[in-house]
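# Examining the three-dimensional arrangement
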Amino acid sequence: KYGKITATASFVPEKIVKNDDLAQLMATSDDWIKSRTGILERRIATSENTSDLCIGVAEKLLLKSQLTAEDLDFIIVATMTPDYMTPSVACMVQGAIGATNAFAFDLSAACTGFVYALSMAEKLIQTTAQKGIVIGGEVLSKVVDWQDRSTAVLFGDGAAGVLLEASEIPMIKKEKLSADGTKGAALTSGYVKNTNPFKEDDTSFSYLKMAGREIFDFATRDVVNAIDQLVVEDKEKIDFYLLHQANARILDKVARKLKVPRERFLQNMDKYGNTSAASIPLLLDEAVRAGVIRLDGTQNVVFSGFGGGLTWGVMQATL
Ligand SMILES: O=C(O)C1CCN(c2ccc(-c3cc(CO)ccc3Cl)cn2)CC1
């Protein structure tokens, strides 16, 4: 048996922050943000933390299926902004929805988190599990340095996920998960300093910090090559590319390098900004709600996440 996506759902904070709202807070402009990133607005959590958004996704997934929480065997949450180091967001979701038979854990792979988690979850169904949920959820607004306009304008909050159930037909056709830890310093967030009485002081820097140029180049070089190598002979068969929604110009470059029509690259960073692990499932759920993706086993897609770690992942799937 294989894991198949049988439902998708999203849960985003109500508050919409437009580029012009940010221009009131810092030296930026709608023009700059729009032209350099493609972002027009983003959601910002004013009362929710990551667990609240992920619980919302889990509740919607159950409503959309005939399942009860007790039917679930596992819950995986991909996040780089958990409420706590422990309990995991996944355990908070498990407790809130009453999924008493599910084991639960968070997965930390930044913007590649959803692709890593979907790959792991699918293997669980190939081996021991029957049903589970995989959620990408972030409240990046709590780790962003709101004095740093180079990053504060890029990120947003949100959560989305999928229900995976056993199926006789394989969903994942090919996949490649990668990391390069030697470049981890290019995107850091949430450093937890050691303050035991037996050691000298440590750095206390913990806001999100990004070497934008380096990450941008990594995305348009290493990630593009990884996608090209994975799907090379199937390029014409792929209906949609669902890439991490970091920057619209990256989608332009990837489409050009792959020589694939730009329209096949779904996009919604205009509405949500960069939501890290939530970006791919948010895009998928939107496409499903719009009837663009039907989950009827007839469409070929490529998922690709890339970001902190550095991590990147490419997956070719039939949905
Ligand atoms: O000056 C400009 O044009 C700037 C140049 C820098 N930009 C960047 C740079 C990197 C990212 C990014 C972030 C993540 C983390 O999720 C992952 C993947 C990427 Cl490619 C997004 N934007 C914005 C426009």
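Note that the structure is predicted; figures quoted are calculated from it, not measured.

It is worth spelling out the environment of L118 at this point. Take L118: it is sitting in helix α5 (residues 113–127). The exposure class assigned to L118 is buried, which follows from its relative accessible area of 0%. Taking C-alpha positions, L118 is 29 Å from K15, a pair spaced 103 residues apart along the chain. Filtering out sequence-adjacent residues up to four positions away, L118 remains in contact with I5, V134, V162, L164, M171, F303 and M315.

Turning our attention to helix α4 (residues 89–97). Given 3.6 residues to a turn, an α-helix orients residues that are three or four positions apart in the same direction. Buried residues of α4: V89, A90, V93, Q94 and I97, and no others. Considered in projection along α4, the buried side chains sweep an arc of 145° and stay on one side of the axis. Tucked inside the fold, the buried residues of α4 contact α3 (50–64), β4 (74–78) and β5 (103–107). Where α4 ends, the next residue or the one after it, G98, has phi of about 75°, a positive value.

Here S276 is to be found in the loop between α9 (269–272) and α10 (279–289). If we skip the residues at most four places from it in the chain, S276 touches M80, A110, C111, E138, L140 and H244.

The next thing to look at is the state of the cysteines. As enumerated under the stated definition, the model contains zero disulfides in all. C91 carries a free sulfur, and the closest cysteine sulfur to it, the one in C54, is 13 Å from it. Here C91 falls in the partly exposed class, since its relative accessible area comes to 37%.

This part takes up the nonpolar core. Ranked by size, the top nonpolar core spans 47 residues in total, and within it I227, Y241, L243, V254, L258, F265 and F306 carry the most contacts. Taken together, the elements giving at least two residues each to this core come down to α7 (212–231), β11 (240–243), α8 (248–258), β12 (300–307) and β13 (311–318). With ten residues, the top contributor of residues to this core is α7. Excluding its chain neighbours within four sequence positions, the residues that come into contact with F306 are C111, T112, F218, A219, V223, L243, H244, A246, I250, T311 and W312. Counting 35 residues, the second-largest nonpolar core is a separate cluster that includes L124, A129, V301 and M315.

The rules behind each value
- Residues numbered from 1 in each chain as written.
- Predicted model: local features only at pLDDT ≥ 70, side-chain atom pairs only at ≥ 80, totals over all residues.
- Heavy atoms only, no water.
- Helix = DSSP H or I, 4+ residues; strand = E, 2+ residues; numbered from the N terminus.
- Buried < 20%, exposed > 50% of the residue type's maximum accessible area, 1.4 Å probe, protein only.
- Contact = heavy atoms within 4.5 Å.
- Arc of directions from axis to C-beta.
- Disulfide = S-S within 2.5 Å.
- Core = buried A, V, L, I, M, F, W, Y, C linked by side-chain atoms within 4.5 Å.

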